[in-house]
Amino acid sequence: MKNLLVIDDEELLLNNMKIMLSSYASSIFTAKNGKEGLSVLDAQEIHCVICDITMPVMNGVEFIKEVRARNNEVPIIFYSAYGSHSMMMEVSKYGAFDFLRKPDFEDLENVVTRGLAEGFNRRHGKERVPGDFISEYQELLEKIKNHKE
Amino acid sequence: MKTILYHGADHDFFNQLLEAAKMIPHCQAYMQGPEKGVLLERTFELRPQIIIVDTAFVAYLSEELRQIKMLSGYKSTVFVGYCKDALEAKEGETLLVSGMHLYHMKDADFETFIRDCFDMAFSDESKRYDFARAMGLEIPLDISFLSSLTSVCSDSFCLETDLDISEEIFVQVPMSADETLVSVRVKDKLEGRFTAPFTKSYHMNFTFPGPWDEVTENSLSPERVETWIGLRKDKFDPRSQKIAIFSRDEKLIRGLSMSSGSCWYQVYSSSEDVRSSLLFSLPGIVFFDLQNDDGVNLEALEEILRVLQEMTTPPMVTVFGSKSESAPLKKLFGYEFLISYSGKLELQMFQAMEKKFLEKYKQDNEEYFLAPADPEKVIKIRKKVILTSITERDLTFIMEDSIPYFSVACIDLPCPAYVTIVPAEGQLPPSKQGTHYRGIIHGLDDEKLTRLRKIVNQMIYHPLKELTVENTRVMLKHDYVPKNIPIETPAENLRASVTNETADDRFTLNRNIRGKSKL
């Protein structure tokens, strides 16, 4: 059972997300701003969050700060848009899981699947170990070598 | 507590050192047998203010000295070499370009040796001694600052130095004919590069003769440089790959210093002014440690990545201590070859990653690195200065260029010796012609010291306008010095005051002056 929370001030987008991602998460919760999102996080077991960066009441930066201050390490995927570089930088300091470019959401399903799996693992104490990291590193080395050749 | 560490095997010398240490309150001396790698361990354990090394072990000491110099905690540690003979002293030059401040010959005066060490390390507590000084001089003098040739390509080389170089200089390089000075030009100043013990690094181009220039057998040509490289390929350092590490974690850097190291490590403590250095050295991999968020942060990482993107083959960047995953950082910075890890950059992990990297990238580089103990790496940059005073132990001079304390130079006249720039005792008179510096004279055996003492005495009574081989010969031949000068009535140009003079000091001073009069 993997639960997803989507936070955005555009109701239409929240509804679309619910439809698009229904087959990837067991339950999808929604919130209109960061503050509402925090309430959902308090009440539900959430494995991954998709969050807009620019929102009224509580924006994405304030939201992630508050979540991390509560020692909640849930993976948070942020929408990024043109002109939001400084906010992307800020949320990265608190641990962003990935960015999705608005409005096309390329690779949405893949990113959400990874986010939910990571959130589930984190909840169940399955952190990434140095060995996993070295393997990833090796793969990237291979990729760079092929790229150079 | 003040600590002196002696790295060598001479027990008689160490016993003298133990006695001398008693002159400084709360000072202890330790001896460490000469074994590879032990100097680093003992240094980290004892944190000595003075390290005296027996230069017989130059082969590994130069590397270890340089590694200690990489650490900010040891910037003020005084390194002194102790040499058996002149041949060993010559090899000791490589130690001077690796961070050694002074060296003394074993047959020279121990008292002078220990005074120099104490003056540099414990200047507040060491007694001040004055030697007979030839003052009020205005003698042009050539002084050559020791610099280091760190790597070479067929058309250029990397030079580390304490001098500011703006355009062209003439130097003797190992691939040029003996004694021939060749023209080299600054291609780029390599800012921010880790250059210990030097403060500056330059990418220098050889100036080869053009199609219309006269070519002599001494002219430097690309073929000559390539032949030189080819003939000594097995003498170059086998490390070809470079790893840039952005970290302030002293424990990690200490670990790297002590590891055998299969790559060249370039350690940066901040991201400021690193562009030229990174683009010159082209590291194959970059480690970025966000653990100590003090100048090494995401904004700094962004700056570094911007520079790395200028490389034709951008290197892989591994970010440690990152709260974010690799994917958002790749997208945020638009840098594809990035991987992040939330954990700390530990030495063991670093070594595992270095190994994997080397397995993938075994390649021959066009840039050849000179091994730490390679005597060919010593480059001397000559400067014209004005000698203003000299004793058998130190000299003062005016130089146009600015130079940091502890820079080491050599002189041929009045006798071949090394000079280390140190703070002046008191204020030196300002000069419109440049900055006034004081340098401790070292590297003299007993015979050279006697010669220098004699020349200084002659200069006191017979002021010179210039120093030449010829007039130093004349000075050594004749005995002009008036005998039995009483200490109470020093000559006008003989400074003979002693601060806090004791009976022993007075004896030392008397012995000095009267001893000289007999020469």
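Because the structure is a prediction, the values reported are computed rather than measured.

Novice: Help me get a handle on the overall build of chain A, residues and values and all.
Specialist: Secondary structure assignment for chain A yields six helices and five strands. Looking at chain A residue by residue over its 149 residues, the buried ones come to 36%. Pairs at least 24 residues apart make up 63% of the contacts formed inside chain A by residues separated by at least 6 positions.

Novice: Can you tell me about the overall build of chain B, naming the residues and giving the values?
Specialist: A tally of regular secondary structure across chain B gives 14 helices and 21 strands. Expressed as a percentage of its 519 residues, the buried residues of chain B come to 42%. Pairs at least 24 apart in sequence give 69% of the contacts found in chain B among residues at least 6 apart.

Novice: Got a sec to walk through the sheet that holds strand S13 (residues 285-289) of chain B? Specific residues and values, please.
Specialist: Residue and element names in this part refer to chain B. The strand order across the open sheet formed by five strands is S12-S11-S13-S14-S15, and the pairing between neighbours is parallel. Lying at the two open borders of the sheet, with one neighbouring strand each, are strand S12 (264-268) and strand S15 (338-341). Each strand of the sheet is rotated relative to its neighbour by a mean of 15°, with strand direction disregarded. Bridge analysis of strand S14 (residues 316-320) against S15 gives four bridges, and the strand direction is parallel. Bridge pairing in S15 places Val317 opposite Leu338.

Novice: Help me get a handle on the sheet that holds strand S4 (residues 76-80) of chain A, residues and values and all.
Specialist: Residue and element names in this part refer to chain A. The strand order across the open sheet formed by five strands is S2-S1-S3-S4-S5, and the pairing between neighbours is parallel. Strands with a single pairing partner mark the edges of an open sheet, and in this sheet they are strand S2 (27-31) and strand S5 (98-101). The average angle at which neighbouring strand axes cross in this sheet is 20°, direction not considered. In this structure, S4 lies alongside S5, joined through four bridges in parallel fashion. Bridging from a neighbouring strand, Ser80 pairs with Arg101 of S5. Taken strand by strand, helix H1 (residues 11-20) contacts strand S1 (3-7), S2 and strand S3 (48-51), and its axis lies near 170° from that of S2.

Novice: Got a sec to walk through the packing of helix H3 (residues 60-69) of chain A against helix H4 (residues 85-93) of chain A? Specific residues and values, please.
Specialist: Relative orientation and spacing of two packed helices are given, respectively, by the angle between their axes and the distance between those axes. Residue and element names in this part refer to chain A. Packing of H3 against H4 leaves a shortest axis separation of 9 Å and a crossing angle of 5°. Here H3 lies roughly parallel to H4, going by the angle between them. Contacts between H3 and H4 involve Gly60, Val61 and Ile64 on the former and, on the latter, Met87, Glu90 and Val91. When grouped by side-chain class, the residues that make up the contact of H3 with H4 number four nonpolar, one polar and one charged.

Novice: Give a description of the interface of chain A and chain B that names residues and reports values.
Specialist: Tallying the contact residues gives 21 residues for chain A and 22 residues for chain B. Where the side of chain A that touches chain B is concerned, the elements lending two or more residues are H4, S5 and helix H6 (130-148) of chain A. Top element by residues in the side of chain A that touches chain B is H6(A). It accounts for eleven residues. By residue class, the composition of the side of chain A that touches chain B is 13 nonpolar, three polar and five charged.

Novice: Account for the confidence of the model for chain B, naming residues and giving values.
Specialist: Residue and element names in this part refer to chain B. Of the residues in chain B, 84% have a pLDDT of 70 or more, and the chain-wide mean is 81. Taken element by element, the predicted model of chain B shows its lowest mean pLDDT in helix H14 (residues 503-517) (33) and its highest in strand S18 (residues 394-399) (96). Every residue in residues 482-519 scores below 50 in pLDDT, and together they form 50 contacts with partners more than four places removed in sequence or on other chains.

Novice: An account of helix H2 (residues 34-43) of chain A is requested, with residue identities and associated values reported.
Specialist: Residues and elements named next belong to chain A. Looking at H2, one finds that the buried residues are Gly34, Gly37 and Leu41. Take H2 and look down its axis: the buried residues cluster within an arc of 50°, on one side only. Across from the buried face of H2, at angles greater than 90 degrees, the exposed residues are Ser39, Asp42 and Ala43. Where H2 is buried, its residues touch S1, S2, S3 and H3.

Novice: Go over the pairing of strand S6 (residues 139-152) of chain B with me, naming the residues and quoting the values.
Specialist: Residue and element names in this part refer to chain B. Of all 14 residues that make up S6, eleven are buried, and the element is covered over most of its length. As defined by bridge partners, S6 adjoins strand S17 (residues 378-390) across ten bridges and the pair is classed as antiparallel. When the sheet's bridge partners are listed, Ser147 is paired in S17 with Ile379. The pairing of S6 with strand S19 (residues 408-411) spans two bridges and is antiparallel.

Novice: Tell me what's going on with the nonpolar core, and back it up with residues and numbers.
Specialist: The nonpolar side chains of a soluble globular protein tend to be buried with one another. Core analysis: the largest hydrophobic core is formed by 93 residues, its most contacted members being B:Val80, B:Cys117 and B:Val419. The biggest single contributor to this core is S6(B), with seven residues. Ignoring anything within four residues of it in the chain, the contact list for B:Val80 reads B:Ile50, B:Ile52, B:Met100, B:His101, B:Leu102, B:Tyr103, B:His104 and B:Cys117. A:Ala25, B:Leu252, B:Val267 and B:Val319 belong to the second largest nonpolar core, which has 74 residues in total.

Novice: Could you give me a rundown of unusual backbone geometry, with the residues and numbers involved?
Specialist: Between B:Leu413 and B:Pro414 the backbone carries a cis peptide bond, its omega angle lying at 0°. Mapping B:Pro414 onto the fold places it in the loop between S19 and strand S20 (417-422). Backbone geometry places A:Asn71, a non-glycine residue, at a positive phi of 60°. A count of 6 C-beta atoms within 10 Å places A:Asn71 in the exposed class. Although it is not a glycine, B:His26 sits at a positive phi angle of roughly 55°. In this fold, B:His26 is placed in the loop between helix H1 (11-21) and strand S2 (27-32). Look at B:His26 and you get exposed, because 9 C-beta atoms sit within 10 Å.

Novice: I'd like a rundown of helix H5 (residues 110-121) of chain B, residues and numbers included.
Specialist: Residues and elements named next belong to chain B. With twelve residues, H5 extends 17 Å between its outermost C-alpha atoms, agreeing within 8% with the 16 Å of an ideal straight helix rising 1.5 Å per residue. The complete set of buried residues in H5 reads Phe113, Ile114, Asp116, Cys117, Phe118, Asp119, Met120 and Ala121. The inward-facing, buried residues of H5 contact H1, strand S3 (50-54), strand S4 (78-83), strand S5 (102-105), S20 and strand S21 (435-442).

Novice: I'd like a rundown of the environment of B:Ile304, residues and numbers included.
Specialist: Residues and elements named next belong to chain B. Along the chain, the position of Ile304 falls in helix H9 (residues 298-308). Using a count of 22 C-beta atoms within 10 Å as the deciding quantity, one classes Ile304 as buried. Along the chain, Ile304 and Glu272 lie 32 residues apart, while their C-alpha atoms are 9.1 Å from each other. With residues up to four places along the chain from it excluded, the contact list for Ile304 reads Phe246, Ser271, Val274 and Phe288.

Novice: Give me the lowdown on the environment of B:Leu395, citing residues and values where you can.
Specialist: Residue and element names in this part refer to chain B. Tracing the sequence through the fold places Leu395 in strand S18. A sequence separation of 25 residues divides Leu395 from Thr420, and the C-alpha atoms of the two residues are 9.9 Å apart. Once you skip the residues sitting within four places of it in the chain, Leu395 turns out to touch Leu387, Ser389, Ile390, Val419, Gly439 and Ile441.

Novice: Help me get a handle on the packing of helix H12 (residues 446-461) of chain B against helix H13 (residues 469-477) of chain B, residues and values and all.
Specialist: All names here are of chain B. Two elements in contact, H12 and H13, have axes whose closest approach is 9 Å; the angle formed by their N-to-C orientations is 95°. Here H12 is positioned roughly perpendicular relative to H13, judged by the angle of their axes. Where H12 abuts H13, its residues Arg451, Lys454, Ile455 and Gln458 lie against Thr472, Met475 and Leu476. Taken together, the residues of the contact of H12 with H13 sort by class into three nonpolar, two polar and two charged.

Conventions adopted
- Counting from 1, residues in each chain are numbered in the order their sequence is written.
- Written order determines the labels here, with chains lettered from A and ligands numbered from 1.
- Only residues with pLDDT of 70 or above have their local features reported here, since the model is predicted, and side-chain atom pairs are shown and tallied only from 80 upward, although totals for entire chains, interfaces and linings are computed over all residues.
- A run of DSSP states H or I qualifies as a helix once it reaches four residues; a run of E qualifies as a strand once it reaches two. Both are numbered from the N-terminal end.
- Labels follow a simple rule on C-beta atoms placed from the backbone: if 20 or more others lie within 10 Å of a residue's own, it is buried; if 12 or fewer, it is exposed; otherwise it is partly exposed.
- Whether two residues are in contact depends on their C-beta atoms, placed from the backbone: they are in contact if these lie within 7 Å.
- Note on pairing: two strands pair once DSSP finds at least 2 bridges between them.
- Comment: axis = line fitted to C-alpha atoms, over the contacting stretch for helices; angle = value between 0 and 180 degrees taken between N-to-C directions.
- Any angle that falls under 35 degrees is termed roughly parallel, while one over 145 is termed roughly antiparallel, one within 65 to 115 roughly perpendicular, and all others oblique.
- Residues are grouped as follows: Ala, Val, Leu, Ile, Met, Phe, Trp, Tyr, Cys and Pro are nonpolar; Asp, Glu, Lys and Arg are charged; every other residue, Gly included, is polar.
- pLDDT: the predictor's confidence for each residue, scored from 0 to 100.
- In this context, the arc is that of the directions from the helix axis out to the C-beta atoms.
- Put simply, a nonpolar core is a cluster of buried Ala, Val, Leu, Ile, Met, Phe, Trp, Tyr and Cys residues tied together by C-beta atoms within 7 Å.
- Take the residue count of a helix, subtract one, and multiply by 1.5 Å to get its expected span.

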